[in-house]
Amino acid sequence: MRWRGRVYNYIRSEIDRGAKLHFSLIDPEKVSSTEELQKILEMVTDAGTDAILIGGSLQVFVEDVTNIAKLVDSLNKPSILFPGSVSGLSPYADAILFISLLNSDDPYFIVGAQVYAAPLVRRFKLEVLPTGYVIVGDWPSSVSVMGRARPIPMKKPEIGAAYALAAKYMGMKFVYLEAGSGAPHPIPPSFIKVVKSCIDDTALIVGGGVRDSDTARELVKAGADIIVTGTVIEENVSRALDVIRGVKRF
Ligand code: 1GP
């Protein structure tokens with residue numbers, strides 16, 4: 001919890017000095033053993049990942065989230081909750097992406113779950129990172145199904161930009177464009193470019209389907225400030241390390 005209260009300033013100052021950031025996503029449901037996870041966390045940290053996101057689309061056990069947050073603490077990287085539901089909250093993380101799934105058809109995912117979570121977030125004293133979450137893609141993903149989203153077609157960046165602008169005007173500090181975990185394709189750079197040109201200095205997070213360093217670099221070149229990878233860490237950690245190094249060398 002040593003990063004608590006300093007996470008936003010750290011991210012903001014890195015972006016302001018022109019750096020691009022990488023967040024490693026750990027899904028508690030996919031962790032096979034603590035030893036294995038410890039090894040992976042050490043590798044992504046050594047490669048330069050900037051923070052560890054903890055979360056998944058399904059219900060999780062708070063103990064699993066807490067165990068991951070404690071491991072991250074020992075590596076001195078910020079742990080940031082990325083909850084798929086209220087069950088993803090733990091008092092041991094540094095911060096939380098307090099997300100509103102803006103293009104859900106169900107008000108529960110726009111503000112309902114947040115109302116259930118807010119008193120816990122306060123009680124746990126988590127640092128809050130207000131985030132407008134927008135699902136993009138021409139395929140169903142876990143998050144679009146679970147969140148009852150109406151994903152924005154890849155060929156309609158102007159709609160993505162309108163959502164992102166609305167998030168900015170509502171005071172959100174981050175916009176997260178999500179293609180879905182394990183997406184067949186990441187969001188195209190042309191889409192990112194249109195969105196970033198509208199929201200200026202609001203931090204733009206991009207994730208879903210990023211599996212190699214060249215793709216990650218194209219996304220940051222197009223305007224992504226932060227790249228998130230999850231699946232490639234689970235499936236091919238050496239490729240994940242290439243992605244991290246590619247983003248950090250940009
Ligand atoms: C999912 O954006 C993240 O929420 C990461 O996606 O698992 O495809 O890397 P991947």
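Residues numbered from 1 in each chain as written. Predicted model: local features only at pLDDT ≥ 70, side-chain atom pairs only at ≥ 80, totals over all residues. Heavy atoms only, no water.

**As for the overall build of the chain**
Argument step 1. When its secondary structure is counted, the chain shows ten helices and eight strands.
Argument step 2. Against the compact-globule benchmark of 18 Å for 250 residues, the chain has a radius of gyration of 16 Å, which places it among compact chains.
Argument step 3. Reported as C-alpha extents along the three principal axes, the dimensions of the chain are approximately 45 × 40 × 35 Å.
Argument step 4. When the 250 residues of the chain are sorted by exposure, 57% land in the buried category.
Argument step 5. Contacts in the chain between residues at least 24 apart in sequence constitute 73% of all its contacts with a sequence separation of at least 6.
Argument step 6. For the chain, the computed accessible surface area is about 11,100 Å², with 54% contributed by carbon and sulfur atoms.
Argument step 7. Seen as two clouds, the 28 positive and the 28 negative side-chain charges of the chain have centres 5 Å apart. (Helix = DSSP H or I, 4+ residues; strand = E, 2+ residues; numbered from the N terminus. Rg over C-alpha atoms; globule rule 2.2 N^0.38 Å. Buried < 20%, exposed > 50% of the residue type's maximum accessible area, 1.4 Å probe, protein only. Contact = heavy atoms within 4.5 Å. Areas by Shrake-Rupley, 256 points an atom, 1.4 Å probe, with all protein chains shown as cover. Lys, Arg positive; Asp, Glu negative; His and termini not counted. Charge placed at Lys NZ, Arg CZ, Asp CG, Glu CD.)

**Overview of the site of the ligand**
Argument step 1. Looking at the ligand, there are 14 residues lining it, with Glu178, Ser181, Gly182, Gly209 and Thr231 nearest.
Argument step 2. Tyr176 has a polar side-chain atom sitting 2.9 Å from an oxygen atom of the ligand.
Argument step 3. Gly230 is positioned with one of its backbone polar atoms (N or O) 2.8 Å from an oxygen atom of the ligand.
Argument step 4. At a threshold of 2 Å from the grid points, most atoms of the ligand map onto the largest pocket.
Argument step 5. Secondary-structure elements contributing two or more residues to the shell around the ligand are β6 (174-178) and β8 (226-229).
Argument step 6. Grouping the amino acids of the shell around the ligand by side-chain chemistry returns four nonpolar, nine polar and one charged. (Near = heavy atom within 4 Å. Polar contact = N/O pair within 3.5 Å; in protein donor to acceptor, adjacent residues only side chain to side chain. 1 Å grid on protein atoms, 1.4 Å probe; cavity = no way out; pocket = protein on both sides within 12 Å on 5 of 7 lines; lining within 4 Å. Sits in = over half its atoms within 2 Å of the grid points. Nonpolar A, V, L, I, M, F, W, Y, C, P; charged D, E, K, R; others polar.)

**Some details on the environment of Gly55**
Argument step 1. Take Gly55: it is sitting in the loop between β2 (51-54) and α3 (62-74).
Argument step 2. Along the backbone, Gly55 and Ser85 are 30 residues apart, and their C-alpha atoms lie at a distance of 9.0 Å.
Argument step 3. Residues contacting Gly55, with those up to four places away along its chain left out, are Leu25, Ile26, Asp27, Pro28 and Phe82.

**Here we look at the sheet that holds β6**
Argument step 1. One closed barrel accounts for eight strands, arranged β1-β2-β3-β4-β5-β6-β7-β8; its pairing is parallel. Averaged over all neighbouring strand pairs, the angle between strand axes comes to 30°, with direction disregarded.
Argument step 2. Where strand β7 (residues 203-207) and β8 come together, three bridges link them in parallel fashion. Looking at β8, one finds that Ile205 is bridged to Ile226. (Pairing = 2+ DSSP bridges. Axes fitted to C-alpha atoms, helices over the stretch in contact; angles between N-to-C directions.)

So, to be careful, I would describe these as geometric facts and stop short of saying anything about function.
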